[in-house]
Amino acid sequence: TFGCQMNAHDSERIKGMLEELGLGESHEQEDADILVFNTCTIREKPDQRFAAHLAQARALKERDPDKVIAVGGCYAEAQRERLFSVYPFVDVAFGPGSIPHLGDWLGAGGVGVPRGSFGLEEREFAGRLPMHRERRFQAWVQVSMGCNSKCAYCIVPSVRGREQSRRPGDVVAEVTRLAHEGVREITLLGQNVNSYGRDLLPDVRTDFGELLRACDAVEGIERIRFTSPHPKDFRAPVVAAMAECPSVCEHTHLPLQSGSSRILKAMRRTYSRERFVRLASELREAIADLALSTDLIVGFPGETEDDFQETVEAVKEVGFDSAFTFVFSPRNGTEAATMADQVPEDVKRDRIERLIDVVQGVAHERNLRRVGGVEEVLVEGPSRTDPTLLRGRTRRNTTVNFAGTAAAGDLVDVAIEGATSTTLRGSQLAAVAA
Ligand code: SF4
Ligand code: F3S
């Protein structure tokens, strides 16, 4: 699986569907009868990673011609016209809207079935299909699919289609079912969760704030997260719901992309730097202790050194707790790909290195403020860096490595003793709940 949480969630459905067919997961590509790639095409890097994996799969298929290779996801949808000519050894290809058909084809062993299915007409929400969840205490819940925005750099609207909201009753029913199954933390997923509900028919029309309140009312759900909100649609009712719902976590991922209003306009983000900064401070005023993370792009066409400096200043001004930084990469079929004034690669590289330094410095300073305090942590398993420690996440979405005796899925209090720019370190105090 490549790409965002939406894609990872799609993979859970793909797995669920294959399990319904009696297929099991194989951990070695050599042993698998069917190889399924769920691809992303947001930037060049995932494209390249996928191409490398596919080359490996091709070699395996040459040795074992009965192996079925299936390619799904956003890259498949974006490349639908040329996929089979570039990769003639691919047996089945499908866009994100065609996942419901996958079981039918692979059930037939990938033989004598249509070689490709794309298009966005038959999209179905994840919760209605069989699903294989990776974690028993955390779950993604899809609230909408597609996106109606027109950000100049983004391929997502053309591969995921127009925005469609799931009926609120269906969302709450899924959250209730998950709570009964032992899930304690849910992440509501949509390309732009803050425009949720606008397309619903009047009998069920609602907004994202109301949806948060309805999910908060479900017994057993102790943490609610959501991603991603678009800053342009972040309205007062959502801020109020976040502040008033005890299970909504004190963390928001708010993608800034650029600190230059001029570049934001060229990106068609439809907010200015000033409006973003105001929104960030309103959120921090309304929600005590709120952590803010963001996405930043450097090297968008036309970005000057002054524009870049504005991004640097905005990072310092807002004080992001963490940030994903990206070098702009032109995507065929997007407006920005054909814009004049593309920024040279060496300039982009230099800017991203400088930006990462600033982001890390700000994040480290923010994390240091937690030292000496106590954080509620949802335990996820052993630490990735030191197996004698446990790893979990605070409500503010920071990873904590800590000494303790809890089990995955427990909520525990951890005394924070140290911080890096990305993680906290500490010791478990006592279990809050079993
Ligand atoms: Fe892409 Fe913009 Fe939609 Fe996000 S809001 S998915 S960046 S078009
Ligand atoms: Fe996600 Fe990549 Fe598609 S980020 S929506 S999997 S292009």
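Residues numbered from 1 in each chain as written. Chains lettered and ligands numbered in written order. Predicted model: local features only at pLDDT ≥ 70, side-chain atom pairs only at ≥ 80, totals over all residues. Heavy atoms only, no water.

## Concerning the overall build of the protein
Our working rule: Helix and strand assignments come from DSSP, with helices taken as H or I runs of at least 4 residues and strands as E runs of at least 2, each series counted from the N terminus. The atom set for the radius of gyration is the C-alpha atoms, and the globule formula is 2.2 Å times the number of residues raised to the power 0.38. For every residue, the accessible area obtained with a 1.4 Å probe (protein chains only) is divided by the maximum for its type, and the residue is called buried under 20%, exposed over 50%, and partly exposed between those limits. We call two residues contacting when some pair of their heavy atoms lies within 4.5 Å. Areas reported here follow the Shrake-Rupley algorithm with a probe of radius 1.4 Å; residue values treat only the protein chains shown as occluding.
Tallying secondary structure elements over the protein gives 13 helices and 17 strands in all. Against the 2.2 N^0.38 benchmark of 22 Å for 434 residues, the protein shows a C-alpha radius of gyration of 22 Å, consistent with a compact globule. The principal-axis extents of the C-alpha atoms in the protein amount to approximately 60 × 55 × 50 Å. Expressed as a percentage of the 434 residues in the protein, the buried residues total 55%. Nonlocal contacts in the protein, meaning residues at least 24 apart in sequence, comprise 70% of its contacts between residues at least 6 apart. As displayed, the protein has an accessible area near 19,100 Å², and 50% of this comes from carbon and sulfur atoms.

## Details of the sheet that holds strand S11 (residues 291-298)
Filter applied, for reference: For two strands to count as paired, DSSP must find a minimum of two bridges between them. Here, axes are lines fitted to C-alpha atoms. For helices the fit covers the stretch in contact, and angles between N-to-C directions go from 0 to 180 degrees.
Taken in spatial order, the three strands make up an open sheet running S10-S11-S12, and their pairing is parallel. Two strands close off the open sheet at either side, each with one partner strand: strand S10 (251-253) and strand S12 (322-327). Strand-to-strand, the axes of this sheet are offset by a mean angle of 15°, without reference to chain direction. Where S11 meets S12, six bridges bridge the pair, whose relative direction is parallel. Paired with Ser293 across the two strands is Ser322, which belongs to S12. Strand contacts of helix H13 (residues 345-368): S11 and S12, with the helix running at about 175° to S12, the strand carrying the most contacts.

## Here's the deal with unusual backbone geometry
Going from Thr227 to Ser228, the amide bond is cis rather than trans, its omega being -10°. Inspection of the secondary structure assignment puts Ser228 in the loop between strand S9 (223-227) and helix H9 (236-244). One non-glycine residue with positive phi stands out, namely Arg268, at about 60°. Accessibility expressed as a relative area gives 44% for Arg268, which makes it partly exposed. Positive phi is not limited to glycine here, since Asp341 has a value of about 60°. Here Asp341 is to be found in the loop between S12 and H13. Relative accessible area serves as the criterion here: at 58%, Asp341 is assigned to the exposed category.

## Digging into the site of ligand 2
For clarity, the threshold we go by: Proximity is defined per residue: if any heavy atom of the residue lies within 4 Å of a molecule or strand, that residue is considered near it. Each residue gets one of three labels, nonpolar for Ala, Val, Leu, Ile, Met, Phe, Trp, Tyr, Cys and Pro, charged for Asp, Glu, Lys and Arg, and polar for the others, Gly among them.
The environment of ligand 2 is made up of Cys4, Asn7, Cys40, Thr41, Ile42, Cys74, Val156, Arg160 and Gln191. Of the residues assigned to the shell around ligand 2, the class counts are five nonpolar, three polar and one charged.

## Some words on the pattern of salt bridges
Here is the rule: Only one rule defines a salt bridge in this text: a Lys or Arg side-chain nitrogen within 4 Å of an Asp or Glu carboxyl oxygen.
Here the structure, examined in full by the defined rule, presents 39 salt bridges. In this structure, the salt-bridge partner of Arg262 is Asp307, at a minimum N-O distance of 2.6 Å. Within this pair, whereas Arg262 is found in helix H10 (residues 261-266), its partner Asp307 is found in helix H12 (residues 305-318), the two being separated by 45 residues in sequence. Classification of Asp307 as buried rests on a relative accessible area of 4%.

## Some details on the nonpolar core
Here is the rule we go by: Nonpolar core, defined: a set of buried Ala, Val, Leu, Ile, Met, Phe, Trp, Tyr and Cys residues in which side-chain atoms within 4.5 Å join the residues together.
Ranked by internal contacts, the top residues of the largest apolar core, which has 64 residues, are Ile186, Leu188, Leu212, Met242 and Leu283. Grouped together as the second largest cluster of nonpolar side chains are 20 residues, Ala32, Phe50, Leu60 and Phe89 included.

## Concerning helix H11 (residues 273-286)
The line we're drawing: In this analysis, the expected span of each helix is defined as 1.5 Å times one less than the number of residues it contains.
The end-to-end C-alpha distance of H11, which contains 14 residues, comes to 20 Å, matching closely the 20 Å that a straight helix rising 1.5 Å per residue would cover. Lining the buried residues of H11 we find H9, H10, S11 and H12.

## Re the pairing of strand S1 (residues 34-39)
The side chains of a regular strand alternate between the sheet's two faces. Put simply, the test is: Here is how to tell: hold the view so the strands point away, follow the path from the first strand over the helix to the second, and if it runs clockwise the crossover is right-handed.
A large share of S1 lies buried, amounting to five of its six residues. Note that S1 and strand S2 (residues 68-73) share six bridges and pair parallel. Across the sheet, the residue bridging to Ile34 is Val68, located in S2. For the segment spanning S1, helix H2 (residues 44-63) and S2, crossover handedness is right-handed.

## Focus on the sheet that holds strand S8 (residues 185-189)
Here three strands make up an open sheet; going across it, the order is S5-S8-S9 and the pairing parallel. Strands at the two margins of the open sheet, each flanked by one partner only, are strand S5 (138-142) and S9. Here the average twist between neighbouring strands, direction ignored, is 25°. In this sheet, S9 lies alongside S8 in parallel orientation, the contact comprising five bridges. Counterpart to Leu188 in the pairing with S9 is Phe226. Across the sheet, helix H1 (residues 5-20) touches S5, S8 and S9, and the angle it forms with S5 is around 100°. Against the sheet, helix H8 (residues 208-216) makes contact with S8 and S9, and its axis sits at roughly 155° relative to S9, the strand it touches most.

## Regarding the packing of H11 against H12
Here is the rule: Each angle gets one of four labels, with under 35 degrees taken as roughly parallel, over 145 as roughly antiparallel, 65 to 115 as roughly perpendicular, and the rest as oblique. Two helices cross in a left-handed way if the nearer one is turned anticlockwise from the farther one by less than a right angle. They cross in a right-handed way if the turn is clockwise.
Taken N-terminus to C-terminus, the directions of H11 and H12 make an angle of 15°; their axes are 11 Å apart at the nearest point. For the element pair H11 / H12, the angle class is roughly parallel. As for the relative orientation of H11 and H12, their crossing is right-handed in sense. Counting all contacts with H11, which are made through Arg273, Phe276, Val277, Ala280 and Arg284, the residues of H12 involved are Glu310, Glu313, Ala314, Glu317 and Val318. Residues belonging to the contact of H11 with H12 are distributed by class as follows: five nonpolar, no polar and five charged.

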